Every structure is written in C-alpha cells, then in structure tokens.
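# Structural characterization, general
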Amino acid sequence: MTTFKELGVSSPIMKALERMGFEEATPIQAETIPLALEGNDVIGQAQTGTGKTAAFGIPMIEKLDARARKIQGLVVAPTRELAIQVAEELNRLGKVKKVRAFAVYGGQQMERQIRSLKDGPQIVVATPGRLLDHMRRKTIRTEHIHTTVLDEADEMLNMGFIDDIREILKAIPEERQTLLFSATMPKEIRDIATNLMKSPKEIKVKSKEMTVENIDQYFIEIPERYKFDTLNNHLDIHSPDLAIVFSRTKKRVDEITEGLQARGYRAEGIHGDLTQGKRMSVLNKFKNGRVDVLVATDVAARGLDISGVTHVYNFDIPQDPESYVHRIGRTGRAGRTGEAISFITPREMAHLKLIEKVTKSKMKRLTPPTNHDARKGQQQVTISKIVETIETKDLNDYHQAANQLLEDQDAVSVIAAALKLMTKERKDTPVKISSVAPISVKKANNQNDNRRSNNKRFQGKRGQNNRGGQGSRNRKGNFQKRRNRDK
Ligand SMILES: Nc1ncnc2c1ncn2[C@@H]1O[C@H](COP(=O)(O)OP(=O)(O)OP(=O)(O)O)[C@@H](O)[C@H]1O
Ligand SMILES: [Mg+2]
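What you see is a predicted model; the values in this text were computed from it and never measured.

### Remarks on the site of ligand 1
Around ligand 1, a shell composed of 23 residues is seen, among which Glu 24, Gly 49, Lys 52, Thr 53 and Asp 305 lie nearest. The separation between an oxygen atom of ligand 1 and a polar main-chain atom of Thr 50 is 3.1 Å. In this structure, Lys 52 approaches ligand 1 through a side-chain N or O atom, which is 2.7 Å from an oxygen atom. With the chains in place, 98% of the 650 Å² that ligand 1 exposes on its own is no longer accessible. Both domains that meet at the shell around ligand 1, namely domain 1 (4-204) and domain 2 (215-369), each give it at least three residues.

As structure tokens, this is what we get:
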C-alpha cells in the first residue's frame, strides 16, 4: 500500500485527493508519480480503469505555476469525450491549487473555444486535429508548455493521428517532459518514444492477464437472429444499474436502441455520426441514471470512465481482441466488480478462442435465458423490492387495509395481484435488427498480426470495493476504501 504523501505529493493536491476520496495510490500511480516528479519522461502501461489519468495528472499539476495564466501542460487524447473527461479529472485534482484545465476538441465552435482559452487555463486537453488548428492560428501558444501527455497513444495511431502527434510534439519546446500512455507499443509509438522523448522510463504494472480480475466474463453462443431477445431476457433477469451494449455498426446501434425503447427500456445510442451536443447529452443522461442502457459503437470503448456500469454486453463480438479488453474495461473500474457478457454466433466460436488466447482470460459459458427465465427474473426483482420494503419501511399505515383485503380475498391472490401490478412486463413489440456477417478468424488473425498481440502490455492490479447490488465477488485489491461517488 502506498499513500500519496509517501510519493511526495504536496498538500494542496493531497487535499484535493482527499475530497475525491482517493486514499491510496494505485500501482501505476505509485510507480509513475515519483519518476515523473523527478522530471523523467515516462511510458506507462496498465490495465483499464486503474487510474492512469491521475498518474500523469498529479505530477503535471505539481509542476505548474498556478499564478501564471499560460498554458504549461498539454494532454492529447483521441476522442472528444475522453478530452472532456480528462479535463474534468484534472480540474478536480487541481482545484485546491487553483489550476484549471480546459478541453478543446473538434465539433465545437472555434470562437467559443478561443474565448475560453483567453481565460488562461494552465492545462489544455485536446484532440489532435483541433489542437493543430489552434496552434496554427496561434490561439494556443506552445512556448510555455513544459509537460506533455499522450493518453491512449495507440488509439490515436489507430485513428490515423500519428502524423498530427509528431507535428504537435515538434512544436513544443524541447526541454519539455513527455509522458506517454498506451495499451500497446506498436512500432510507430516506439518510434515516437525513441525520436521525440528523452530516454523514457518504462513502467508496466505486472499482471498475467490483460483484463482486470474483478470483471466476470461470460459468453452466450447464440444465432444472430436470437440476439435481441436474448439481450432483453438478460436485462430483465439481471436488471443492471447501468449497462453498455456494444455493437459493430452505427446502423445496428440505432436499431438496437430503437428496439429497446420500443420494448420499454430506457436506452439511448451513441456513435460517431451523432453531433457532439447529442453525444454529450446521451452520456450525461447515462451518467445521471436517466438512461439505463447505453448502446454504442467502439467510440465509447476507450478510456471513458462512468462509475457504476455493472454490465457490458458485446452484442457483437469485436474484431480485435484488444478492443474486447477496452470494451469490457468500462465496467469493473476503480476496484468495483462487473460482468461482461459476449454474444457469439456459432460461426464465431473460433474467434472467441482467439480472444481468450490473446487476452489470456477465460469466458464462462452461459445458456441463453429463455422468456420464461426472464419473466421469473422480473418477478424476482419485484419480490426483492417487497422484501426490502418489509425490512426497511414502516408499514403500519397499511396494516388495516391489508387486513381488510385478506378478509375478502385469499392471501395468494392478493400477493399475485400485487406482484402483477408492480412487475414491469415487457412489451412484445416485434423488433428486427439487420444482420451483419460473422467475424471470421482469418480476418481477425491478420489484423492481430499486423497491429498487436504482445501480451505483456496490460497490467495493474485491481482493487476492491463493494459496489453493492448484486453479487460481489473477486475482490482483491488496491483501491480499498473509495468514497462512493457518481459523476
Ligand atoms: N487512487 C485512487 N483511488 C480511488 N479511485 C481512483 C484512484 N485513482 C483513480 N481513481 C478513479 O478510478 C477511475 C478510473 O480511473 P482512470 O479513468 O484514470 O483509469 P484509466 O487507467 O485511465 O482507465 P482506461 O484504461 O479505461 O483509460 C476514475 O473514476 C478515477 O477517478
Ligand atoms: Mg484512461
């Protein structure tokens, strides 16, 4: 166990960490912070949800001069949502020290960003394209930047931003410190490390598996045409607090979302064709619990940190094993537990084996729940609510009415009627999801060979925390006591 104090974190940041409910450092934080505070360039690799943001955020904020209203720290991230989220976390970390971070990304009015930049944030978190725009217009000046972070570097490479990254780094004063976080180390990222960083120290938090231990992984072998009803049944039985359903195409995301809504679920979809405003509003509704099911393409797979996601469904299995790791990593974060359920068509079973091999993890087989199971599951939800009410609520006011009812009716009928009234019965609106070709192993293999498959990249140990609700298994850990917070 390492405390932040032992790592040399100063008191304004200690205070902020306390407010955030962080009591001990995670392994990647324990290793990165001291090295970065000494001024080293650092390359960090650790599993999903293990606190990489604070690992680079804390040393960056330590080095900033809060009185100077100049950009001194820069974080480059692949997506807008991620840029916003990272800026939020940095603002929390920098609150007491009065350091401000501002997110800059495409799809938002340039003028508005320029106005906010004039307020003088010390940190800018940006997506590559928009950042370059600002740099060319000189609305972001780089001469005072002394710390630069590349978050999710491999994803920026996948998204075709590698030349942008090089251009950005070349425009920043050479004496800068550079911190790079990446799930994998493909050649292009290595090149950046060799050519644009100064003898970087590499940190890999050891772990056998790429996926975190506190996510229980399952698969259901199921023909394409039964996937949607199976998803419904599963949602009914487990009634997740928050669930993310990943699908392969934007079209299917729209169809699944509409289908779920038609069946009475509070679902919303998110993918790259939506406007920025819409994407933000969907994410916010999901974070606030006004939406229970988020249906998404891989845009939501990387880095997004939404606390309380209990279930991740791979409605369509991803092509790439690594994408599997990032998707399921949206649950089981900060030491909580989570479940990941992947739907695999019979022809994709070989692909499942490949994912298991690359990620060195094992998915347990589940039999597809039937409609009957689902109805029983829904009733069970009602029964639990009744039992909880008996245990926790004062029911005296209702006793007289209850007695009266029992004089005229038999007890079983009364309870059955109450159960029926309270149980959310599913609408049986027909839903059709257009089909996609199954993933063939050959294709997946090629891709895997080309891009990645070195396994030693994910690390970190996950901690524990009781998320409450159903099932709490697999606790090991690092984040021992974490305040229950919701974003
Ligand atoms: N030391 C800590 N104690 C408690 N909670 C923490 C600690 N460090 C980070 N967290 C919380 O853990 C969650 C995950 O952190 P973060 O998003 O930085 O993970 P990550 O490693 O970047 O994950 P990903 O690989 O998915 O990007 C966040 O909600 C963060 O606030
Ligand atoms: Mg992250």
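### Things to note about the environment of Arg 137
Positionally, Arg 137 belongs in helix H6 (residues 128-137). The contact partners of Arg 137, leaving out residues within four places of it in the chain, are Met 110, Glu 111 and Ile 114.

### Some remarks on the nonpolar core
Grouped together as the largest cluster of nonpolar side chains are 40 residues, with contacts concentrated most on Phe 4, Ile 58, Val 75, Leu 90 and Ile 123. Elements that contribute at least two residues to this core include exactly helix H1 (11-20), helix H2 (27-37), helix H3 (52-63), helix H4 (80-94), strand S3 (101-104), strand S4 (123-126) and strand S6 (177-181). Ranked by size, the runner-up nonpolar core spans 31 residues in total, among them Ile 43, Met 135, Leu 150 and Ile 172.

### A few points about the sheet that holds strand S8 (residues 215-221)
Taking strand neighbours across the sheet as the criterion, the seven strands line up as S10-S11-S9-S12-S13-S8-S14 in an open arrangement whose pairing is parallel. On the outer flanks of this sheet lie strand S10 (267-270) and strand S14 (364-366), each paired with one strand and no other. Recorded for the sheet is a direction-independent mean angle of 25° between the axes of neighbouring strands. The pairing of strand S9 (residues 243-246) with strand S12 (residues 311-314) spans four bridges and is classified as parallel. Counterpart to Ile 244 in the pairing with S12 is Val 312. The sheet strands contacting helix H13 (residues 321-328) are S8, S9, S12 and strand S13 (338-344), and the helix crosses S12 at an angle near 150°. Contacts between helix H14 (residues 349-359) and the sheet are confined to S8, S13 and S14, with S8 contributing the most and set at about 165° to the helix.

### Structural notes on the domain arrangement of the protein
Segmenting the protein into domains produces domain 1 (4-204), domain 2 (215-369) and domain 3 (372-394 + 406-421). Look at where the C-alpha atoms of domain 1 and domain 2 centre, and you get two points 29 Å apart. Taken together, the 16 residues of domain 1 in the interface contact 16 residues of domain 2. Around 1,400 Å² of area is buried between domain 1 and domain 2 when both sides are counted, 47% of it from carbon and sulfur atoms. Contact with domain 2 buries surface across domain 1, with Thr 48, Glu 81 and Gln 85 losing the most and accounting together for 40% of the total. Our count for the contact surface shared by domain 1 and domain 2 stands at four salt bridges.

### Some remarks on the UniProt feature "domain: Helicase C-terminal" (unreviewed entry) in the protein
The UniProt record annotates "domain: Helicase C-terminal" (unreviewed entry) at residues 214-375. When the span residues 214-375 is considered, its composition is 38% helix and 20% strand, and the gap between its end C-alpha atoms is 29 Å.

### Here we look at the sheet that holds S3
Reading across the sheet, the seven strands line up as S3-S4-S2-S5-S6-S1-S7 and stay open at both edges, with parallel pairing between neighbours. Looking at the sheet topology across the chains shown, the edges are occupied by S3 and strand S7 (201-204). Direction aside, the axes of adjacent strands within the sheet are offset by 15° on average. The pairing of strand S1 (residues 42-45) with S7 spans four bridges and is classified as parallel.

### With respect to the pairing of S8
Taken across its seven residues, S8 has six buried, putting it largely inside the fold. Pairing analysis gives seven bridges linking S8 to S13, with the strands arranged parallel. Bridging from a neighbouring strand, Gln 217 pairs with Ala 340 of S13. Strand direction decides the pairing type here: S8 and S14, joined by three bridges, are parallel.

### Notes on helix H8 (residues 162-170)
Along H8, the positions that sit buried rather than exposed are Ile 162, Ile 165, Ile 168 and Leu 169. Projected down its long axis, H8 shows its buried positions confined to an angular sector of 120°, all on one face. Exposed and oriented more than 90 degrees from the buried face of H8 are Asp 163 and Lys 170. Turning to H8, the residues buried within the fold contact strand S2 (73-76), H6, strand S5 (147-150), helix H7 (153-158), S6 and helix H9 (187-196).

### A closer look at the packing of helix H10 (residues 227-238) against helix H15 (residues 371-392)
Viewed as axis vectors pointing N to C, H10 and H15 meet at an angle of 25°, and their least axial separation amounts to 7 Å. By the angle between their directions, the pair H10 and H15 is classed as roughly parallel. As for how H10 packs across H15, the hand of that crossing is left-handed. On H15, the residues touching Asn 233, Asp 236 and Ile 237 of H10 are Asn 371, Asp 373, Ala 374, Gly 377, Gln 378 and Val 381. A breakdown of the residues in the contact of H10 with H15 according to their chemical character gives three nonpolar, four polar and two charged.

### What about the environment of Ala 296?
Of note, Ala 296 is situated in strand S11 (residues 293-296). For Ala 296, a relative accessible area of 0% corresponds to the buried category. C-alpha separation for the pair Ala 296 and Leu 242, spaced 54 residues apart in sequence, amounts to 13 Å. Not counting residues up to four positions away in its chain, the partners in contact with Ala 296 are Ile 244, Val 245, Phe 246, Ser 247, Val 253 and Ile 270.

### Focus: the packing of aromatic side chains
Counting across every chain of the model gives three aromatic pairs. Measuring from ring centre to ring centre gives 5.9 Å for Phe 315 and Phe 343, while their planes differ by 55°; the resulting arrangement is tilted. Of the two residues, Phe 315 is situated in the loop between S12 and H13 and Phe 343 in strand S13; the sequence distance between them amounts to 28 residues. The burial state of Phe 315 is the same as that of Phe 343; both residues are buried.

### Some points on the UniProt feature "short sequence motif: Q motif" (unreviewed entry) in the protein
The sites that carry the UniProt feature "short sequence motif: Q motif" (unreviewed entry) are, in the present numbering, residues 2-30. From the first C-alpha to the last, residues 2-30 spans 7 Å; its make-up is 48% helix and 0% strand.

Rules of the game
Residues numbered from 1 in each chain as written. Chains lettered and ligands numbered in written order. Predicted model: local features only at pLDDT ≥ 70, side-chain atom pairs only at ≥ 80, totals over all residues. Heavy atoms only, no water. Near = heavy atom within 4 Å. Polar contact = N/O pair within 3.5 Å; in protein donor to acceptor, adjacent residues only side chain to side chain. Areas by Shrake-Rupley, 256 points an atom, 1.4 Å probe, with all protein chains shown as cover. Domains from an automatic or database assignment. Helix = DSSP H or I, 4+ residues; strand = E, 2+ residues; numbered from the N terminus. Contact = heavy atoms within 4.5 Å. Core = buried A, V, L, I, M, F, W, Y, C linked by side-chain atoms within 4.5 Å. Buried < 20%, exposed > 50% of the residue type's maximum accessible area, 1.4 Å probe, protein only. Pairing = 2+ DSSP bridges. Axes fitted to C-alpha atoms, helices over the stretch in contact; angles between N-to-C directions. Buried area = accessible area lost by both parts, 1.4 Å probe. Salt bridge = Lys/Arg side-chain N within 4 Å of Asp/Glu carboxyl O. UniProt positions renumbered as here; feature names shortened; annotations may be inferred. Arc of directions from axis to C-beta. Parallel < 35°, antiparallel > 145°, perpendicular 65-115°, else oblique. Left-handed = near helix turned anticlockwise from the far one by under 90°. Nonpolar A, V, L, I, M, F, W, Y, C, P; charged D, E, K, R; others polar. Phe/Tyr/Trp six-rings, centres within 6.5 Å; stacked < 30°, edge-to-face > 60°.

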